[in-house]
Amino acid sequence: MTQSVVLQVGQCGNQIGCCFWDLALREHAAVNQKGIYDEAISSFFRNVDTRVVGDGGNISKGKICSLKARAVLIDMEEGVVNEILQGPLRDVFDSKQLITDISGSGNNWAVGHKVFGSLYREQILEKLRKSAEHCDCLQCFFIIHSMGGGTGSGLGTFLLKSLFDIISKIDLMVNSGKLGTTVKPRSLVTSSTGSFKKRHKKPFDAMNNIVANLLLNLTSSARFEGSLNMDLNEISMNLVPFPQLHYLVSSLTPLYTLADVNVPPRRLDQMFSDAFSKDHQLIQANPKHSLYLACALMVRGNVQISDLRRNIERLKPSLQFVSWNQEGWKTSLCSVPPVGHSHSLLALANNTCVKPTFVELRERFMRLYKKKAHLHHYLQVEGMEESCFTEAVSSLSALIQEYNQLDATKSMPVQDLPRLRIAM
Amino acid sequence: MSIVTVQLGQCGNQIGFEVFDALFSDSDCSQGLCSKRENEAYQASCKERFFSEEENGVLAARAILVDMEPKVINQTLSKAAQSGRWKYARHACFCQKQGSGNNWAYGYSVHGPKHEESIMNLIQKEVEKCDSLSGFFIIMSMAGGTGSGLGAFVTQNLRDQYSNSLKMNQIIWPYGTGEVIVQNYNSILTLSHLYRSSDALLVHENDAVHKICAKLMNIKQISFGDMNQVLAHQLGSVFQPTYSAEGSFHYRRNPLGIDWQIRPPSGLPALGKIPLNKELHFNTSIANLVILRGKDVQSADLGGFKDPALYTSWLDPVNAFNVWKTQRAFSKYEKSAALVSNSQFLVKSLDTIVGKAWNMFASKAYIHQYTKFGIEEEDFLYSFTLLEQVVASYCNL
């Protein structure tokens, strides 16, 4: 079994991350009754003998001593991370795996990326290397960050770039994938770059819970047994037909909040229908009206292959798939249900419904950019130039154009291409 | 005469367990509807064929378990051990951590060469335990990454290293509406490679087995476990020892030694046209094997199978049809019959898969995932060409 490392960057990233670790502990506690450190737990946690000083304390088998999250916490102001370290999860985090600063990034991508990036580059690489060394077989980095703020966006993307550099050097990562969970709802709520983010605690808790659950369900089939397993590298293999179209839309049913313990069990088929409804999508989009390039269904709990097939047959007619992938379904069955539910479904799709999100983003960006509003905040940072902005926009436009081309094929009848003819 | 089984990937290992369990349960039956002596000979033959005996008398399956991630193998080993009746040999498994990511290229080009020595060593050890080797039975799926890619690689190696032994691959044909999005790519790459290195491909389609569970067995919530058990039952009824009056060891017939590969005689006119006056009620066969077990086998009337309409014009039914009759019943069924057929039955499915893969290939979708690991567009084209030839050959029967 492989391990994954979670990199949580910025306020948003850390708050979601904190939620995730809490849920992960609950889930493993529910499944692992005997308290033995097994391979499933090792995917996200190290087992450490706290009496040993320094790095030698890793225990690979036997009883659970003290679990440490495979995480690196990064924030350019201390408030959020400090709160985590004083909260109920303080013992789960390794105090050496933190990078914090005092002043914050001021919602400025340039500050996050250029200033703090160069300032903390060595430390970041060091922590990443350390976290990789603690793994037997590291497969995946999860990077949780927002797009709207300064640290999450700026330093988060810097982190991503650094990972590209070291991945080629570390032998362990023969086939690795990096999944970045970008919190779209949040950044949309707080509108475009440059606005001031209010710290709303309560409403974000529910949202963070959903995203944390998403991450948990995504990895469930890799951690736990089932009749049809799905590993993380299978997600990128099946859902990314072209390298640049790697944006996935997700939906989770049943949706749960922290307070919802006694949700009545949903009928199985209803769970599948919900997953494709507009209201259950985690971005503001309606995938049914757009074109599917690929779709993955990750089911947990007491669901068998016949249930899965029946629902695929039922839902297929209402969904539009691209001509060259009419049956583009990837499925997995994990026998372990999430805590508090008998079954759940996570649907991941590569769907052109992300396009409106990008178009809207570009529009809001252009509205500010045309007026040169707030631009000086960015340009006064060393290393930032206007070309950064123009390149960003043109890259976004190219992406939108790709989706446009795919959408254009939507209503065209599916034609089988002429096959090779063989001379006998 | 022993058969060494290689179980590859999640599918191969899950099915492999069910197969050995079915074989053991059937062999263990004391009630065989035949004489005690016959039953004992049958049991001895089954035991020798599929199991080896360990020091304490426990039977160990003659099998190698291979997977690129540990969960399934662990489950399989413990299920076998838990049954208390048979188990897998210690050190009979090869396991890695990362999986193959549903990527045929990764299974074939990365895992294959990297683990070639370890896997072939394991197989060699198991072969050495056999007094005499009938051949290899390789269980794999086509849709995933390990079974398909690594399976193709291992089969090739078996052809090179054990060129005198027979190799039969049990392939699982995936559901038509997707289990894996790139399943069509993985399938055509697997089939084209196996075509060159395997002696026979025994195919089970998930859609067909699913229908059996639903319609014939009335199972409401069908699980993979159910399907695998149906499959195992079918395989068991084919592979269990069959009675042959020749020689002193009556149950020695090699189930793998079936004359599957038949070439059309040279000197035939160009096979471009299918005669229009031929009634297409049945799929045209080039070989049929019926295996009967149980009561009244000697009096069974198999005339229908010798109808020339079933066979291609250049074959005489006498050469194409075989029947094996065994009095000892299978799995407590008073009478059972199995048909193994080399016919046009699979043409439609094969054609469909090639068509879908071709459409996807034309758009170049997912190709970058394969070229990343050394499988280029030319390899795809070669596979397409080969399979179109197979389809055409079968259509022209």
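Computed from a predicted model, the values in this text were never measured in an experiment.

Draft legend 1. The overall build of chain A, seen in detail. The helix and strand tally for chain A stands at 13 helices and 12 strands. Within chain A, the fraction of its 424 residues that count as buried is 55%. Across chain A, the fraction of contacts at a sequence separation of at least 24, relative to all contacts at a separation of at least 6, is 79%.

Draft legend 2. Representation of the packing of aromatic side chains. Taken as a whole and judged by the stated rule, the model has 37 aromatic pairs over all chains. Taken together, a centroid distance of 5.2 Å and an interplanar angle of 70° make the contact between W21 of chain A and F45 of chain A edge-to-face. Of this pair, W21 of chain A sits in helix α1 (residues 10–31) while F45 of chain A is found in strand β2 (residues 45–47), placing the two residues 24 residues apart along the sequence. Accessibility classification places W21 of chain A together with F45 of chain A in one group, the buried group. Linked through ring pairs, F20, W21, F44, F45, F93 and F142 of chain A together constitute an aromatic cluster. The aromatic ring of Y369 of chain A is capped on one face by K372 of chain A, whose charged end is 5.1 Å from the ring centroid. Stacked on the ring of F361 of chain B, the Lys or Arg K364 of chain B has its end atom at 4.8 Å from the ring centre.

Draft legend 3. The arrangement of the pattern of salt bridges in detail. Residue and element names in this part refer to chain A. This structure, assessed with the given rule, holds 27 salt bridges over all chains. The salt bridge partner of R364 is E360, with a shortest N-O separation of 3.6 Å. Taken together, the residues R364 and E360, both in helix α11 (residues 355–370) and 4 residues apart, mark about one turn of the helix. The partly exposed category is assigned to E360, whose relative accessible area is 40%. The network of salt bridges with common partners includes E27, R223 and R300.

Draft legend 4. The environment of V111 of chain A, seen in detail. All names here are of chain A. Relative to the assigned elements, V111 resides in helix α4 (residues 109–133). On the accessibility criterion, V111 (17% relative accessible area) is buried. Separated by 194 residues in the primary sequence, V111 and I305 place their C-alpha atoms 50 Å from one another. Setting aside its immediate chain neighbours within four residues, V111 contacts S105, F116 and V381.

Draft legend 5. Up close: the sheet that holds strand β2 (residues 51–53) of chain B. Residues and elements named next belong to chain B. With respect to topology, 3 strands assemble into an open sheet ordered β2-β3-β5, the strand pairing being mixed. In this open sheet, the two edge strands, each paired with only one partner strand, are β2 and β5 (86–88). Recorded for the sheet is a direction-independent mean angle of 40° between the axes of neighbouring strands. Where β2 lies against strand β3 (residues 59–61), 3 bridges are found, and the strand directions are antiparallel. If you follow F51 over to β3, its bridge partner there is A61. In the packing of helix α1 (residues 9–28) onto the sheet, contacts are made with β2, β3 and β5, and the angle to β5 comes to roughly 150°.

Draft legend 6. Molecular detail of the interface of chain A and chain B. Counting residues at the interface gives 58 residues for chain A and 52 residues for chain B. Across the chain A to chain B interface the summed buried area is about 4600 Å²; carbon plus sulfur atoms make up 54%. The tally of links from chain A across to chain B stands at 4 salt bridges. Of the charged contacts in the structure, one is a salt bridge between D136 of chain A and K97 of chain B, with a shortest N-O distance of 3.6 Å.

Draft legend 7. Focus on the sheet that holds strand β6 (residues 93–95) of chain B. Residue and element names in this part refer to chain B. Spatial ordering of the open sheet is given by β6-β4-β1-β7-β8-β9, a layout of 6 strands whose pairing is parallel. Looking at strand neighbours, the two that pair on one side only are β6 and β9 (200–205), the edges of this open sheet. Strand-to-strand, the axes of this sheet are offset by a mean angle of 15°, without reference to chain direction. Where strand β4 (residues 63–67) and β6 come together, 3 bridges link them in parallel fashion.

Draft legend 8. Up close: the packing of helix α4 (residues 104–128) of chain B against helix α5 (residues 146–161) of chain B. Residue and element names in this part refer to chain B. Between α4 and α5, the least distance of the axes is 8 Å, while the angle of their chain directions is 45°. When the axis of α4 is compared with that of α5, the two are oblique. Where α4 crosses over α5, the handedness of that crossing is right-handed. Mapping the contact onto sequence places W104, G107, Y108, H111, G112, P113, E116, I119, M120, I123 and Q124 in α4 and S148, G149, L150, A152, F153, V154, Q156, N157, L158 and Q161 in α5. Taken together, the residues of the contact of α4 with α5 break down into 11 nonpolar, 9 polar and 1 charged.

Draft legend 9. Region of interest: the nonpolar core. Of all hydrophobic cores here, the largest spans 120 residues; its most connected members are W21 of chain A together with I123, Y370 and F380 of chain B. Residue contributions to this core peak at 9 residues, all from α4 of chain B. Those residues in contact with Y370 of chain B that sit more than four places away from it in its chain are M237 of chain A together with N102, N103, W104, A105, V182, Y185, N186, L189, I375 and F380 of chain B. In terms of nonpolar packing, the next biggest core, distinct from the first, is built from 35 residues, Y88, M168, V238 and I291 of chain B among them.

Draft legend 10. Summary view of the pairing of strand β8 (residues 166–173) of chain B. All names here are of chain B. With 7 of its 8 residues buried, β8 lies for the most part within the structure. With 7 bridges connecting them, strand β7 (residues 133–141) and β8 associate as parallel partners. The residue bridging I138 from the neighbouring strand is N169, located in β8. For the segment spanning β7, α5 and β8, crossover handedness is right-handed. Two strands pair when backbone bridges link them, and β8 and β9 are joined in this way by 6 bridges, in the parallel orientation.

Draft legend 11. Region of interest: the environment of Y162 of chain B. Its place among the elements puts Y162 of chain B in the loop between α5 and β8. The spatial distance from the C-alpha of Y162 of chain B to the C-alpha of H111 of chain B is 21 Å, given a sequence separation of 51 residues.

Draft legend 12. Summary view of the packing of helix α6 (residues 183–197) of chain B against helix α12 (residues 377–395) of chain B. All names here are of chain B. Contact geometry for α6 and α12: axes closest at 9 Å, N-to-C directions at 70°. If you check the angle between α6 and α12, you find them roughly perpendicular. You can see that α6 and α12 cross each other, and the crossing is left-handed. Here α6 contributes Y185, I188, L189, L191, S192, Y195 and R196 to the contact with α12, which in turn contributes D379, F380, Y382, S383, F384, L386, L387 and V390. Here the residues of the contact of α6 with α12 are counted per class, giving 11 nonpolar, 2 polar and 2 charged.

Draft legend 13. Structural context of helix α10 (residues 305–315) of chain A. Burial analysis of α10 of chain A places 8 of its 11 residues in the buried class, which makes it a mostly covered element. For α10 of chain A, the set of buried residues is I305, S306, D307, L308, R309, N311, I312 and L315 of chain A. For α10 of chain A, the elements touching its buried residues are α9 (268–275), β9 (291–301) and β11 (329–334) of chain A together with α7 (206–216) and α8 (224–239) of chain B.

Draft legend 14. Examining the pairing of strand β1 (residues 2–8) of chain B more closely. All names here are of chain B. For β1, the tally of buried residues reaches 7 of 7 residues, placing the bulk of the element in the interior. Taking every second residue as pointing to the same face, both faces of β1 are buried, with S2, V4, V6 and L8 on one and I3, T5 and Q7 on the other. Pairing analysis gives 6 bridges linking β1 to β7, with the strands arranged parallel. Among the inter-strand pairings, Q7 is bridged to a residue of β7, identified as I139. Note that β1 and β4 share 4 bridges and pair parallel. The partner of L8 across the bridge, within β4, is V66.

Draft legend 15. Region of interest: unusual backbone geometry. Residues and elements named next belong to chain A. That bond from T253 to P254 is cis: its omega, -10°, falls within 30 degrees of zero. In this structure, P254 sits in the loop between β8 (249–253) and α9. Positioned with a positive phi, K372 is a non-glycine residue whose angle comes to about 60°. Within the secondary structure, K372 is located in the loop between α11 and α12 (375–379). Despite not being glycine, H374 shows a phi value in the positive range, around 65°. When you line up the elements, H374 lands in the loop between α11 and α12.

Rules of the game
- Residues numbered from 1 in each chain as written.
- Chains lettered and ligands numbered in written order.
- Predicted model: local features only at pLDDT ≥ 70, side-chain atom pairs only at ≥ 80, totals over all residues.
- Heavy atoms only, no water.
- Helix = DSSP H or I, 4+ residues; strand = E, 2+ residues; numbered from the N terminus.
- Buried < 20%, exposed > 50% of the residue type's maximum accessible area, 1.4 Å probe, protein only.
- Contact = heavy atoms within 4.5 Å.
- Phe/Tyr/Trp six-rings, centres within 6.5 Å; stacked < 30°, edge-to-face > 60°.
- Lys NZ or Arg CZ within 6 Å of the ring centre and 35° of its normal.
- Salt bridge = Lys/Arg side-chain N within 4 Å of Asp/Glu carboxyl O.
- Pairing = 2+ DSSP bridges.
- Axes fitted to C-alpha atoms, helices over the stretch in contact; angles between N-to-C directions.
- Buried area = accessible area lost by both parts, 1.4 Å probe.
- Parallel < 35°, antiparallel > 145°, perpendicular 65-115°, else oblique.
- Left-handed = near helix turned anticlockwise from the far one by under 90°.
- Nonpolar A, V, L, I, M, F, W, Y, C, P; charged D, E, K, R; others polar.
- Core = buried A, V, L, I, M, F, W, Y, C linked by side-chain atoms within 4.5 Å.
- Right-handed = clockwise from strand over helix to strand, strands pointing away.

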